[in-house]
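Inside the fold
Below, each chain spelled out in residue letters.
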Amino acid sequence: MSERDPTRASRDQDGECAGGGGEDDGVGASHVVTAFLRDRGEVLLLCRSDAVGTYTGLWGGVSGFAEGDPDGQVRVEICEETGLEDDDITFVRSGRPVQVVDDDLEPSREWVVHPYLFDLTGDSREIELSEEHDEFAWTDPTEIVAVDAETGVSATAEDSEAAVRATAGDSGHDLETVPKLWTAYERVAPTVRSIAADDDHGAAFLSIRALEVLRDRAGLLVAEREAFGTEPDEEWDELAELATRLLEARPAMAVLRNRVNRAMATAAGIDATDAAGSNSDGSDDGTDGSGRRDATAVLETTRGAIDRALAADANAAATAGERIEGRVATLSRSGTVLEALRAGSPTRVFVAESRPAREGVAVAETLAADPAVDCPVTVHTDAATASVLATESIDRVVVGADTILPDGSVVNKTGTRALATAAARESVPVTVVAASDKVSTREEVNLESGGRTAVYDGDAAVDVLNPTFDVTPPGCVSEIVTERGRLEPAAVSEVTAELRGLEDWRAGTGDAASR
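This write-up is about the structure you can find in this document. (Residues numbered from 1 in each chain as written. Predicted model: local features only at pLDDT ≥ 70, side-chain atom pairs only at ≥ 80, totals over all residues. Heavy atoms only, no water.)

The next subject is the packing of helix α7 (residues 295-321) against helix α8 (residues 335-343). Two elements in contact, α7 and α8, have axes separated by 7 Å at closest approach and are oriented at 45°. On the basis of the axis angle, α7 is oblique to α8. In terms of crossing hand, the pair formed by α7 and α8 is right-handed. Of the residues in α8, those in contact with D313, A316, A317, A320 and G321 of α7 are T336, E339, A340 and A343. When the residues that make up the contact of α7 with α8 are grouped by side-chain class, the tally is 5 nonpolar, 2 polar and 2 charged. (Axes fitted to C-alpha atoms, helices over the stretch in contact; angles between N-to-C directions. Helix = DSSP H or I, 4+ residues; strand = E, 2+ residues; numbered from the N terminus. Parallel < 35°, antiparallel > 145°, perpendicular 65-115°, else oblique. Left-handed = near helix turned anticlockwise from the far one by under 90°. Contact = heavy atoms within 4.5 Å. Nonpolar A, V, L, I, M, F, W, Y, C, P; charged D, E, K, R; others polar.)

Attention shifts here to the nonpolar core. Membership of the largest hydrophobic core comes to 65 residues, with the highest contact counts inside it found for L214, M264, V397 and W505. With 27 residues, the next largest nonpolar core counts L58, L105, L175 and V188 among its residues. (Core = buried A, V, L, I, M, F, W, Y, C linked by side-chain atoms within 4.5 Å. Buried < 20%, exposed > 50% of the residue type's maximum accessible area, 1.4 Å probe, protein only.)

With that settled, the discussion passes to the sheet that holds strand β16 (residues 410-413). Overall, antiparallel pairing links the 3 strands, which are arranged β15-β16-β18 in an open sheet. The open sheet terminates on both sides in strands that have one partner only, identified here as β15 (403-404) and β18 (469-472). Of the pairings in the sheet, the one linking β15 to β16 comprises 2 bridges and is antiparallel in character. Counted as the bridge partner of T403 is V411 from β16. Taken strand by strand, helix α11 (residues 416-425) contacts β16 and β18, and its axis lies near 30° from that of β18. (Pairing = 2+ DSSP bridges.)

It is worth spelling out the side chain of T378 at this point. Within the secondary structure layout, T378 lies in strand β13 (residues 377-380). At a separation of 2.9 Å, a polar atom in the side chain of T378 contacts the side chain of R348. In contact with T378, not counting residues within four places along its chain, are R348, V349, F350 and V351. (Polar contact = N/O pair within 3.5 Å; in protein donor to acceptor, adjacent residues only side chain to side chain.)

That bond from E106 to P107 is cis: its omega, 0°, falls within 30 degrees of zero. Of the consecutive residues R355 and P356, the connecting peptide bond is found in the cis state with omega at 5°. Here P356 is to be found in the loop between β12 (345-352) and α9 (359-369). One non-glycine residue, R293, lies in positive phi territory at about 50°. Along the chain, R293 falls in the loop between α6 (254-267) and α7. Backbone geometry places S332, a non-glycine residue, at a positive phi of 60°. With respect to the helices and strands, S332 occurs in the loop between β11 (325-331) and α8.

Moving on, we come to the layout of surface pockets. Here the second largest pocket defines a volume of roughly 500 Å³. Along its surface, the second largest pocket is lined by 28 residues, and V32, R48, T54, S63 and G64 are the ones closest to its centre. Where the lining of the second largest pocket is concerned, the elements lending two or more residues are β1 (29-39), β4 (62-65), α1 (70-82), β6 (98-102), β7 (109-120) and α2 (181-188). When the residues that make up the lining of the second largest pocket are grouped by side-chain class, the tally is 13 nonpolar, 8 polar and 7 charged. (1 Å grid on protein atoms, 1.4 Å probe; cavity = no way out; pocket = protein on both sides within 12 Å on 5 of 7 lines; lining within 4 Å. Points joined across faces, edges and corners; volume = space filled by probe spheres on them.)

This brings us to the sheet that holds strand β19 (residues 479-482). Overall, mixed pairing links the 7 strands, which are arranged β13-β12-β11-β14-β17-β19-β20 in an open sheet. With one partner strand each, in any of the chains shown, β13 and β20 (485-487) form the two edges of the open sheet. Neighbouring strand axes in the sheet, compared pairwise and without regard to direction, differ in orientation by 25° on average. Where β11 and strand β14 (residues 396-399) come together, 2 bridges link them in parallel fashion. Residue pairing across strands places A329 opposite V397, the latter belonging to β14. On the sheet, α7 packs against β17 (430-433), β19 and β20 and is oriented at approximately 130° with respect to β19.

Next up on the list: the environment of T296. As for its placement among the helices and strands, T296 is situated in helix α7. Between the alpha carbons of T296 and A223 there is a distance of 9.8 Å; along the sequence they are 73 residues apart. Leave out the neighbours within four places in its chain, and T296 touches V222 and R225.

In the structure shown here, the tally under the stated rule is 6 aromatic pairs. Taken together, the ring pairs connect F36, W182 and Y185 into an aromatic cluster. One residue, R209, lies across the ring of F205, its end atom 4.4 Å from the ring centre. (Phe/Tyr/Trp six-rings, centres within 6.5 Å; stacked < 30°, edge-to-face > 60°. Lys NZ or Arg CZ within 6 Å of the ring centre and 35° of its normal.)

Below, the structure written as structure tokens:
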């Protein structure tokens, strides 16, 4: 489950960022907010101009004095410093405050930094800078990490001479940062736990977050090697254990497994290509696949894997968009389906509410507000799905997939099977939109379940079923549209065989990675 958005209302009295403001809090500390805006695996950094009183010429997130209410002030700062409005960003999470004592300033200052993470919701990365900044850059967060050679504590580039030379320079900027910027980022960065608990986002979204977790740890290990000279085998063992935990975080999501496996396999030097020497979709992995089995290799492969994954999802959506016209029915939340609808030409979209979380309602609101979807949008109860198919002259059902099984069956949000079955009854084609990485290498499926209270919180002695996913048989699926083009359900087994080769990286990596 994603966190409640405290930036749209006052935080509870026991909230972790309660108290304090731009004024001294009684012990000399000033409270400030720092927001990281995330898009396509990168975060926005701003270079402070000579119009500000401290840290001129250094890079940081969107920041400012908390003015007594960090949750409310952070959105004000984002608007003032970037020109982005509330509709352009989505709150992800806030983190524990970071204490910073800077004796290099005159006079010495103590800061309490309240970190926040937001996702960019629009397609444009253009920023309208205020006078407080004179440059901006979208960059891999690992470009700001370094390790204090004396304490071993993760720091930021200006805090340590052990800067991450192996990761610097990709953005084209000299990223000397304000104090403790990496520490603030770590407080809001994705984790294994946040991925396991996220019930609001689809598998493709969470697979990117998993690659970010692996990338961020690899970047930190590269910095530690610069500072302490750690051994590559130790780095590999730690990253292999983390990768294994990520694989186990969402067992029903094949795309997360495949993308983590691809990154690790490439770092291990395992050939993830077909006989022609390139991936079946015509792309490469962004690395030389030299098999160094160290943090630098994993850092390179995860960066390449994020780019590859984003491109695959976008290409699958674009391919599906060419098929979308007329009256369309869908359900739940799939970022790939949303992009396909934006790329297509629907004349009306019907969205099932998708209980118990009812994420379909938010999808309907998103579509209704999107100028790229120039048609009426209707949200309806899940129970009305069969009736909608029978009475509303639906031209096509378009759904996403959390996993595609080797036989062509589709694992997706509960309700997909009912929707596809009703569509088959009415002779309405069913298009599944998914990157090929969502094809599972496993015959069996582990279907996750939601909490009991989401369905029933009474005291009667009744059992509760709240399955998160169901399985739609291949006979109810007309086509699977991927970045490789249109796949018949019967052709999925060929992709399965290719993806199974990516799992070989775990052989011989020790108990932590192979259990």
